[in-house]
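# Coordinates in review
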Amino acid sequence: MSLDSRRIPRHPNGGMLSSEEPATQDRWATFEREALPHVDRLYRLAMWFVRNRTEAEDLVQETMVQALQSFHRYQSGTNCRAWLTTILQHVRSDRQRSRMRSPLLEDPDDRMAQTAPFVPPIPQGLTDEEILAALARIPPHFQEVILLCDVEEFTYKEIAEALSIPLGTVMSRLHRGRAQLRAELDGLAPVRGVKE
Amino acid sequence: MDSFANRLRQAIDRSPDLAPSPEFMTALRRDLEAQAPRRQSRMRTVHWLGIAASLVLAVVAGVAYRVYVRSGADLARAAVGDHRNCALKFNLAEKPVTLEEAAQKYNPAFRVVEHLPADDVPTSVGVAHVLERHSCLYNGRRFAHVVLKYQGAVVSLMMTSAEGAAAAPGSVDGMNVTAFRAGTQVVFLAGDVSMTDLVALVDSISGPLARALATV
């Protein structure tokens, strides 16, 4: 596996660590404490996106290996899950690009950066499976931002870095994705006979 | 009406289809540990006295705060089973006994858990409150069991003798669990809280517990 260090997100402090960190601490112990607890959630994200257990395992494995090799760029105590997710998304998009050989297109959503806070409630009585099925029915690029924002609780900036898209695109995708998800969930509620 | 984000997060976290297998978690951890860079270069220049002092300190403290892997899936499952059946469902075949009685009959180290962790444990994300301390038997394995209220959920600390192995951090049978080794014991923490919160609790309790257990 080739590690392209330019793809590894650098911490806002420039990746500089305090003087005692890399040489006098066991990097593995720090990695074990800060990064490994996030593997479960990272895997769930990967699994959601690729829908294939073998591929998800491969993706998470490569992500964690890259993270370990670049752990000197991570500053202890900051949002490690966001850092790992950014690596995961880079690995995933690299793989997608190498498969599809298609250039990144400008996103038409950029034109529509509405940021009104629109958080749809979920009607009671819906099962986990129904909620996830509704999420799966909306376009994947909307799923991504909803998962990173609402499940992972990343900031817009962290999402923009993870997905390599402009901030405005994050906001517009979030707005439109939530609206579509709301429509999907509303469609389920009458069928189930539940009220909001 | 649940909040959108909470409900969605629960659905993701509880989905068995999205969960990693224990085998993958164990293999991943083993591979990463094998690739981990160890202390080198500048470390060689550290004075030998410093190294010796560190070693002595490590032995005295007995702290092995390492979330711990190998083939511990069975042990982790037993701990999660104990948490579910004892702390959550009160559904054990055998009635729990006091820690003192269990210490006399089975495992002297259990005596430490009578006082540690303290009844209120401050962590970086909130305070954990001890609700109950006892010793119980689940699936043939005896645990010292401390039940805590933490982040709005019931969380269990379960300690058992360390022969065999422990577990990788992660989800076991749908429950978040993590473990660390302390002296001759393995300590598990399990509960329906995020792994980040569980690790914050480990950070707060592992040091005092491991130091106390090192003297047993």
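One structure accompanies this document, and this report is about it. These figures come from a predicted structure and were not determined experimentally. (Residues numbered from 1 in each chain as written. Chains lettered and ligands numbered in written order. Predicted model: local features only at pLDDT ≥ 70, side-chain atom pairs only at ≥ 80, totals over all residues. Heavy atoms only, no water.)

## Observations regarding the pattern of salt bridges
- Summed over the entire model, instances satisfying the criterion amount to 18 salt bridges over all chains.
- The salt bridge partner of lysine 157 of chain A is glutamate 161 of chain A, with a shortest N-O separation of 3.1 Å. Remark: glutamate 161 of chain A and lysine 157 of chain A occur in helix 8 (residues 156-163); sequence separation between them is four residues, near one turn of the helix.
- What makes glutamate 161 of chain A partly exposed here is its relative accessible area of 42%.
- Because the salt bridges share partners, they merge into one network encompassing Arg41, Arg81 and Glu152 of chain A together with Asp13 of chain B. (Salt bridge = Lys/Arg side-chain N within 4 Å of Asp/Glu carboxyl O. Helix = DSSP H or I, 4+ residues; strand = E, 2+ residues; numbered from the N terminus. Buried < 20%, exposed > 50% of the residue type's maximum accessible area, 1.4 Å probe, protein only.)

## So, the side chain of asparagine 176 of chain B
All names here are of chain B.
- Within the secondary structure, asparagine 176 is located in strand 7 (residues 175-182).
- The exposure class of asparagine 176 is buried, given its relative accessible area of 17%.
- A polar contact of 2.9 Å, which involves the side chain of asparagine 176, links it to the backbone oxygen of valine 193.
- Those residues in contact with asparagine 176 that sit more than four places away from it in its chain are Gly170, Ser171, Leu189, Ala190, Gly191, Val193, Ser194, Met195 and Leu198. (Polar contact = N/O pair within 3.5 Å; in protein donor to acceptor, adjacent residues only side chain to side chain. Contact = heavy atoms within 4.5 Å.)

## Considerations on the nonpolar core
- Core analysis: the largest hydrophobic core is formed by 63 residues, its most contacted members being Phe31 and Met64 of chain A together with Leu32 of chain B.
- Here this core takes nine residues from helix 3 (residues 39-50) of chain A, the largest share from any one element.
- In contact with methionine 64 of chain A, not counting residues within four places along its chain, are Phe31, Ala35, Leu36, Val39, Leu42 and Leu84 of chain A together with Leu28 and Leu32 of chain B.
- With 35 residues, the next largest nonpolar core counts Ala109, Val199, Ile205 and Leu209 of chain B among its residues. (Core = buried A, V, L, I, M, F, W, Y, C linked by side-chain atoms within 4.5 Å.)

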